[in-house]
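Here's the letter readout for the chains.
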Amino acid sequence: MSKFYAVKKGRRPGVYNTWDAAKKQVSGFSGAVYKSFATGAEARAFMTGSSKTGVPAHKRSQPMATEPLKSAQIIAFTDGGSRNHGNVAGGHVLTSDKAAWAYRLELPNNEVVSDSAGEWGATNNRMEIMALVKALTYLAKRQLQHESIRIVMDSKYVLDAINKGWLACWKRRNWHRSGNAELKNSELWRQLDQLLSQFNHLQFVWTKGHADNSGNVFVDQLLNQTMDDMTPNKKPVATSFVNKSTHGTKQLGLFDD
């Protein structure tokens, strides 16, 4: 069984999923503070000073490593968006509101794959989850589950669900929130939980949305193009793109290195 190594004080504090990586941060470092754990949630709790994770170890979802950035064989960018009032206090999502998800995968051998599709009357949160589900589904179909993969997104909601153990708590409560309250988009969270368990080396990174991260800007523009193309009474059509060069996406006019 793999372990997680939390380096609270060392050259580069963080959570590592191999002892060799953690050892480099503490070996010869005066006053180093570190400890091994069976799960990533416990390691992260140690880093933040919390002694409890709130979830029994045998019922937690697949732990996600959050060690300092390292090289990855695959870089994935995911994003979701909507043009509705769902995230405004007192607002409601209308069936006529546009929403869309998008992902961009930078694969080995300079292959780039991107995809996007729309949905009527969906919230921004639903599209953020959908984008990650679609990206992982594509990678699983390509049998890339065992590659090192870095996933970059601007949704703290989705990241927190994975890294803070929310997903495991919802699963333990049979996909409900505390007090048996409804969990919105529970079918997508179930899919995500199943997909995450198939991958061995996932690294999640948050980026500020619509800023200077070119990959994030690309998927944001791609999903907005999808929404622009959506028309009433017409089923949204997926927009996909595959190219053997990371510069090929310039043909869409969406991305500029």
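Everything numeric in this text was worked out from a predicted model, so none of it was measured.

1. What to know about the overall build of the protein
So, step 1. In terms of helices and strands, the protein carries seven helices and nine strands.
So, step 2. Sequence-distant contacts in the protein: of pairs separated by 6 or more residues, those separated by 24 or more amount to 68%.
So, step 3. As displayed, the protein offers around 13300 Å² of accessible surface, 48% of which is attributable to carbon and sulfur atoms.

2. Considerations on the sheet that holds strand 3 (residues 33-37)
So, step 1. Spatially, the three strands line up as an open sheet ordered 2-1-3, and their pairing is antiparallel. Both edges of this open sheet fall to strand 2 (14-16) and strand 3, since each of them pairs with a single strand only. Between one strand axis and the next, the sheet turns by 20 degrees as a mean value, whatever way the strands run.
So, step 2. Here strand 1 (residues 4-9) runs beside strand 2; their pairing, made up of three bridges, is antiparallel. By the bridge assignment, Val7 is partnered in strand 2 with Gly14.
So, step 3. Packing against the sheet, helix 1 (residues 19-26) makes contact with strand 1, strand 2 and strand 3, and its axis sits at approximately 10 degrees to strand 1.
So, step 4. Here helix 2 (residues 40-48) sits on the sheet and contacts strand 1, strand 2 and strand 3; the angle it forms with strand 1, its principal contact strand, is near 5 degrees.

3. Thoughts on the pattern of salt bridges
Oppositely charged side chains can form a pair if their charged atoms are brought close together.
So, step 1. Inspection of the entire model under this criterion finds seven salt bridges.
So, step 2. The partner of Asp228 in a salt bridge is Arg83, and the shortest N-O contact between them spans 3.0 Å. Of the two residues, Asp228 sits in helix 7 (residues 214-229) while Arg83 sits in strand 4 (residues 74-83), which places them 145 residues apart along the sequence.
So, step 3. Across the pair Glu119 and Arg126 runs a salt bridge whose closest N-O atoms are separated by 3.0 Å.

4. Concerning helix 7
So, step 1. Helix length check: helix 7, at 16 residues, gives a terminal C-alpha distance of 23 Å against a target of 22 Å (1.5 Å per residue), a fit within 8%.
So, step 2. By the burial criterion, the buried members of helix 7 are Gly215, Asn216, Phe218, Val219, Asp220, Leu222, Leu223, Thr226 and Met227.

5. Things to note about the packing of aromatic side chains
For any pair of aromatic rings, the description consists of the separation of the ring centres together with the inter-plane angle of the planes.
So, step 1. Enumeration over the complete set of coordinates arrives at seven aromatic pairs.
So, step 2. Between Trp19 and Tyr34, the ring centres sit 5.9 Å apart and the planes meet at 35 degrees, which makes this aromatic pair tilted. Of this pair, Trp19 sits in helix 1 while Tyr34 sits in strand 3, and the two are 15 residues apart along the sequence.
So, step 3. Since its relative accessible area comes to 34%, Trp19 is described here as partly exposed.
So, step 4. Residue Tyr34 is classed as partly exposed on the basis of its relative accessible area, which comes to 44%.
So, step 5. With a centroid separation of 6.4 Å and an interplanar angle of 55 degrees, the aromatic rings of Tyr157 and Trp166 are classed as tilted.

6. What about the pairing of strand 5 (residues 98-107)?
So, step 1. Counting buried residues in strand 5 gives eight out of 10 residues, a clear majority hidden from the surface.
So, step 2. Where strand 4 lies against strand 5, nine bridges are found, and the strand directions are antiparallel. The residue of strand 5 that forms the bridge with Gly81 is Ala100.
So, step 3. Hairpin connection from strand 5 to strand 6 (residues 111-120): three residues lie between these consecutive antiparallel strands, with Asn109 at a positive phi of about 60 degrees.

7. Considering the packing of helix 3 (residues 124-141) against helix 4 (residues 156-163)
So, step 1. Two numbers describe how helix 3 lies on helix 4: the axes approach to 9 Å, and their chain directions differ by 60 degrees. Comparing their axes, helix 4 and helix 3 come out oblique. Residue-level contacts link Asn125, Glu128, Ile129 and Leu132 of helix 3 to Tyr157, Val158 and Ile162 of helix 4.
So, step 2. Grouping the amino acids of the contact of helix 3 with helix 4 by side-chain chemistry returns five nonpolar, one polar and one charged.

8. A short note on the environment of Ile151
So, step 1. Topologically, Ile151 is positioned in strand 7 (residues 148-153).
So, step 2. What makes Ile151 buried here is its relative accessible area of 1%.
So, step 3. Expressed as a C-alpha distance, the spacing of Ile151 and Leu136, which sit 15 residues apart in the sequence, is 9.7 Å.
So, step 4. Residue contacts for Ile151: discarding those within four places in its chain leaves Ala76, Thr78, Leu132, Leu136, Leu202, Gln203, Phe204 and Val205.

Parameters at a glance
- Residues numbered from 1 in each chain as written.
- Predicted model: local features only at pLDDT ≥ 70, side-chain atom pairs only at ≥ 80, totals over all residues.
- Heavy atoms only, no water.
- Helix = DSSP H or I, 4+ residues; strand = E, 2+ residues; numbered from the N terminus.
- Contact = heavy atoms within 4.5 Å.
- Areas by Shrake-Rupley, 256 points an atom, 1.4 Å probe, with all protein chains shown as cover.
- Pairing = 2+ DSSP bridges.
- Axes fitted to C-alpha atoms, helices over the stretch in contact; angles between N-to-C directions.
- Salt bridge = Lys/Arg side-chain N within 4 Å of Asp/Glu carboxyl O.
- Expected span 1.5 Å × (residues − 1).
- Buried < 20%, exposed > 50% of the residue type's maximum accessible area, 1.4 Å probe, protein only.
- Phe/Tyr/Trp six-rings, centres within 6.5 Å; stacked < 30°, edge-to-face > 60°.
- Parallel < 35°, antiparallel > 145°, perpendicular 65-115°, else oblique.
- Nonpolar A, V, L, I, M, F, W, Y, C, P; charged D, E, K, R; others polar.

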